[in-house]
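Now for the letters of each chain:
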Amino acid sequence: MGRKLIVEVCNAHNLMPKDGQGTSSPYVIAEFDGQRSRTQTKFKELNPQWDEKLEFLVHDPETMPSELLEINVLNDKKQGKRSNFLGRLKIYGSSFVKQGSEKLIYYPLDKRSVFSQVKGELGLKIYYLDEEPAPPPEDNKNPEEAQQTEAKPDGEAPKAEEEAKKDEPPPPVEEQKNPESGTPPPDDKGAAEEKKEENPNPSLNPPEEKSHPTEENSEAGEAAAAPPKYHQPVFRHQDQVPVDYALEDMNRSLGSINGDRNSTYDLVEPMGYLYVRVLKARDLAARDLDGSSDPYAKIRVGNHTIRTRTVSRNLNPFWDQVFALSKDKLSSSTMEISLWDEDFGKKDDFLGLVSFDLQEIPTRVPPDSPLAPQWYRLEGEGAKGDFMVAVWMGTQADEAFPEAWQSDTGGLLIHTRSKVYLSPKLWYLLVNVIEAQDIKPGGARFTELTVKAQLGPQSFRTRSAATNKSTGTGTCPFWNEDLIFVAAEPFEEELILTVMEAGTPNKDKDKDDVNVIGYVRVSLHAIERRFDHRQVSSLWFNLQSLGKVGGGDEEEKEKEKEKEKGKYNGRLHLRLCFEGGYHVLDEAAHLTSDVRPTAKQLWKPPLGVLEVGILGAKNLLPMKSKGGRGSTDAYCVAKYGQKWIRTRTVVDNFNPRWNEQYTWEIYDPCTLLTLGVFDNSQLEEQQDSKPRKDLRIGKVRVRISTLESDRIYTNSYPLLVLYPSGIKKMGEIELAVRFSSFSLLNVLHVYTQPLLPKMHYLYPLGVVQQDVLRHTAMKIVSFRLARSEPALRQEVVHFMLDTDTHMFSMRRSKANWFRIMNLLSGPVAIFCWFDQICKWKNPLTTVLFQLLYLILLWYPELILPTIFLYMFLIGAWNYRHRPRMPPHMDTRLSCVEAVNSDELDEEFDTFPTSRSAETVRMRYDRLRSLAARIQSVLGDLASQGERFGALLSWRDPRATAIFLFFCLFTAVLLYVTPFRVIGILLGLYLFRHPKFRDPLPSSPLNYFRRLPPLSDRIL
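Conventions we followed
- Residues numbered from 1 in each chain as written.
- Predicted model: local features only at pLDDT ≥ 70, side-chain atom pairs only at ≥ 80, totals over all residues.
- Heavy atoms only, no water.
- Phe/Tyr/Trp six-rings, centres within 6.5 Å; stacked < 30°, edge-to-face > 60°.
- Lys NZ or Arg CZ within 6 Å of the ring centre and 35° of its normal.
- Buried < 20%, exposed > 50% of the residue type's maximum accessible area, 1.4 Å probe, protein only.
- Helix = DSSP H or I, 4+ residues; strand = E, 2+ residues; numbered from the N terminus.
- Pairing = 2+ DSSP bridges.
- Axes fitted to C-alpha atoms, helices over the stretch in contact; angles between N-to-C directions.
- Parallel < 35°, antiparallel > 145°, perpendicular 65-115°, else oblique.
- Left-handed = near helix turned anticlockwise from the far one by under 90°.
- Contact = heavy atoms within 4.5 Å.
- Nonpolar A, V, L, I, M, F, W, Y, C, P; charged D, E, K, R; others polar.
- Salt bridge = Lys/Arg side-chain N within 4 Å of Asp/Glu carboxyl O.
- Core = buried A, V, L, I, M, F, W, Y, C linked by side-chain atoms within 4.5 Å.

**What to know about the packing of aromatic side chains**
Under the criterion given, the structure shown has 22 aromatic pairs. Through successive ring pairs, a cluster of aromatic residues spans W833, F834, F849, Y853 and F991. Above the ring of W375, the side-chain terminus of R282 is found at 3.9 Å from the ring centroid. Positioned above the aromatic ring of Y879 is the side chain of R882, whose terminal nitrogen or guanidinium carbon lies 3.9 Å from the ring centre.

**Remarks on the pairing of strand 34 (residues 634-640)**
Look at any regular strand and the pattern is simple: side chains alternate between the two faces of the sheet. Among the 7 residues that make up strand 34, 7 are buried, leaving the element largely enclosed by the rest of the structure. Residues A634, C636, A638 and Y640 of strand 34 are buried on one face, and the alternating residues Y635, V637 and K639, pointing to the opposite face, are buried as well. Where strand 34 and strand 37 (residues 672-679) come together, 6 bridges link them in antiparallel fashion. Along strand 37, the bridge assignment pairs Y635 with F678. Bridging between strand 34 and strand 35 (residues 643-646) involves 4 bridges; their strand directions are antiparallel. Residue A638 lies in a different strand from strand 35, and its bridge partner there is I645.

**Observations regarding the packing of helix 9 (residues 767-785) against helix 10 (residues 794-801)**
At their nearest, the axes of helix 9 and helix 10 sit 9 Å apart, and the two run at 140° to each other. Classed by the angle they form, the pair helix 9 and helix 10 counts as oblique. With respect to the hand of their crossing, helix 9 and helix 10 are arranged in right-handed fashion. Contacts between helix 9 and helix 10 involve M778, V781, S782, F783 and L785 from the former and Q794, V797, H798 and L801 from the latter. Residues of the contact of helix 9 with helix 10, tallied by class, amount to 6 nonpolar, 3 polar and no charged.

**What about the pattern of salt bridges?**
The final tally for this structure, using the stated rule, is 51 salt bridges. Measuring nitrogen to oxygen at the nearest pair gives 2.7 Å for the salt bridge that ties D398 to R364. Residue D398 is found in the loop between strand 18 (386-394) and strand 19 (405-406), and its partner R364 is found in the loop between strand 16 (349-357) and strand 17 (374-377); the two are separated by 34 residues along the sequence. Overall, D398 belongs to the buried group, its relative accessible area being 5%. Among the residues examined, R364 registers a relative accessible area of 7% and is labelled buried. A salt bridge links E907 to R811; the shortest N-O distance between them is 2.7 Å. Of the two residues, E907 sits in helix 14 (residues 901-907) while R811 sits in helix 11 (residues 810-838), which places them 96 residues apart along the sequence.

**Focus on the side chain of S681**
Here S681 is to be found in the loop between strand 37 and strand 38 (695-703). In this structure S681 touches R692, K693, D694 and L695, once residues within four positions along its chain are discounted.

**Focus: the packing of helix 11 against helix 12 (residues 843-858)**
One can describe the packing of helix 11 onto helix 12 by two numbers: an axis separation of 8 Å at closest approach and a directional angle of 100°. Overall, the two elements helix 11 and helix 12 adopt an arrangement that is roughly perpendicular. Judged by residue contacts, W833, F834, Q836 and I837 of helix 11 engage T845, T846 and F849 from helix 12. Looking at side-chain class alone, the contact of helix 11 with helix 12 contains 4 nonpolar, 3 polar and no charged residues.

**What to know about the sheet that holds strand 31 (residues 608-618)**
If you trace the 5 strands from one edge of the open sheet to the other, you get 10-39-40-31-36, paired in antiparallel fashion. Every interior strand has two partners, whereas the edge strands, strand 10 (248-249) and strand 36 (657-666), have only one. Both strand 31 and strand 40 (residues 726-741) contribute to a ladder of 10 bridges, which runs antiparallel. For L610, the partnering residue across the bridge sits in strand 40 and is F739.

**Section: the nonpolar core**
Counting residues in hydrophobic clusters, the biggest one holds 37 residues, and the most contacted among them are L610, I614, L673 and I733. Those elements that provide at least two residues to this core are strand 31, strand 34, strand 36, strand 37, strand 38, strand 39 (712-723) and strand 40. Discounting chain neighbours no more than four positions away, the residues touching I733 are I614, G616, A617, C636, V677, V700, N715, S716, Y717 and L719.

Shown next as structure tokens:
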């Protein structure tokens, strides 16, 4: 038996005009249980009459009382722009009645946000009916024809198959077509268009009348497509399985009991490996004509064969190589290690063999000492000599594991190694350009001089200083301007300061010395370092001349330049120092993982230790093509403070297992740990000169302050990546996290301390200057880490540091707007609750509140204790509902579930833009429209403030006189009347019964609205 929900939209009264002509063109959109339907548009009508029925299929009748019916009334512009909001309703299924008991009910329209302008009411009839299953088809009718007939009206079956294909990961060949973005496009154009059509926000994509569903089509679609058994979000298609973006608890029993940690790998699962250390051999048989051999060792276990490097012309070779074979992939109970003589162009010659029974191999558990290698006699036909080898069973905790040949990483490849990196130590270099003396510029009589300071790619200039060169010894320009650079240890560049004429720009780009007066080179190793705000002594530096030479051969020019360099050209007065009291930000301020100052002498003791076990990943999507099939070579990168870690690369596996554990010292709990998963693109052979980029798979952030001390969190985090076509779940990463604090009192004390070092508050940097320095620090860190071996590539570092957070994004703007609205919803809810009390919506609550008001009025000393006690009770009550798992990426907060495809395309656009002129014009017009609304809101807020200022400014003499007489009367009244009496009278006025209330605005409000703002003076 099936159930249908019928929503009969009858009419609406007194709607808000939104078309600028005093009318509106309203239509209604209803959404229920993942289904959407809409009415026709009534043009130029504030009291529309629809009388239309919208039908919805109830998937689960038992859960219908908890389902939500959402109805939006919108104004249809019919110009491609988004529709205006006229009001909405939210009705739960518990209020639905059965057919025959329905009545016409008028619901007042609600606002969508605080600033929405809504009025009017909507008349609806809502009921449900239970239908019997359809009778079977007649015998004389072909069942296949019947199925085709049922499927023809809407074509849901082929559409479902097409959508299922669209949801599959794209072929790897297509994924590699977008190297600029660093990630493959996960969805095709069809999926993007469908997502745009299924956008739940009717203001973004207003539906057209031709897409109105009829009763016959909706019934045919419900009969053709079997509904799922779960409740789907309204923004998803009915036939699509919703992707789970939630955090999952793995319920793994990891870690030691009672805090007794005997192992440094207690947060990961042990992975068994067979270790083979091939050390050396002696007295081997000679197989070559010159009486020597080119030996190498070959290890064979089942179908797996590995070989060492070849030692040329040596009968006593030395290898010292370690091999780690995954125990899960061993398909044999015996292992053979054979030695061979490599012959180029011929078959290799056999030198000997050693066999091992895997059941007899010992197991080594750290911290036991390494197993000593032993000599084994080579066996086989013509074998001679001895072979030294060590074989044991172990785990990834073995000391030999990091540098061993590993079967799951594709061998001994430098790009697959697990490594720990350290960010370079960053300093702020303060250059105070004070003045110059004895400068003799050329050119006009009056000129302007400036100083250009350069440190590597960083370059800044001082302001221009006017000078007069009529004096005998030269001019003395004065600047006294501070320039700040970012320098990284070890220092590699020199600071170069150039004095040049600013009045005449250099038009000849081939001649760099046209406007240059002189320059100074300063070694960074000679600059003083300070840790506080003490004054640093200034120094004078003689200017060196580049030399100005005329015609002649090259030798004469060089001689002239040497003579000019030896001359005195003036001197420059500087104050230089490295600022050790600042923290050099290389991350976004809200995503920082370290707040310590640069100088190590100012560091405080650590508060605790953060231990992270990177267990593995699962259900990863293919990122590239290997041999005509999808493949992923995944590795993980984690960053906290100056310490970066990189796990080994597990080759060709969609469910890689790393099981690596790392530790960081925590100096401030209000910081974040960032982990990212990437696909290694450096393992394939380069077929072209264009470098390959490692593709991003996803990122996870863990805030340390949200972790309970000494508790192990074992969770599976979704790996989400935003593409131009929308949000995509690339897989999941499994982590085990534990934060251990040394002292709870020290951790609590940190919450009372400033977040940044004190120099940021004594001598703060400008907002723009701080942003420029932060991006410079990001570039320096990415450049230095890219020079490591194996390199931590720049695209990986940029993704981990979020270098693109400063770019404009309409999606982020909406997310921030909704965050502000969420903050304002609390005060608005309190105001609405107080308004309901004043209007006696609930008489019992109003009476109780009046009693509490009288008690506090009579005993005012109880006001503050009551407020703080109330907040304590609220917090204690919320403790029961505290988060049990760490927070993660919130797709709803990020506004990625219902984002417009054009907004995503704008977010991924380069700067400057690379789109067509028509697209840029359209986005510019959209931005102007949004800015116009913000401009109107700001104007309204300014008008309200100006009305307060007009009370005493005499801009309106009558209004000011009324207010002055009111103030005088109020002062006398408060002077002769006790405060409690005034409070009682005010309470009686506020809490008066609705019978004594006037529906019109009050007199004080009318008076305030009539005060003159300054908006009428704006052109």
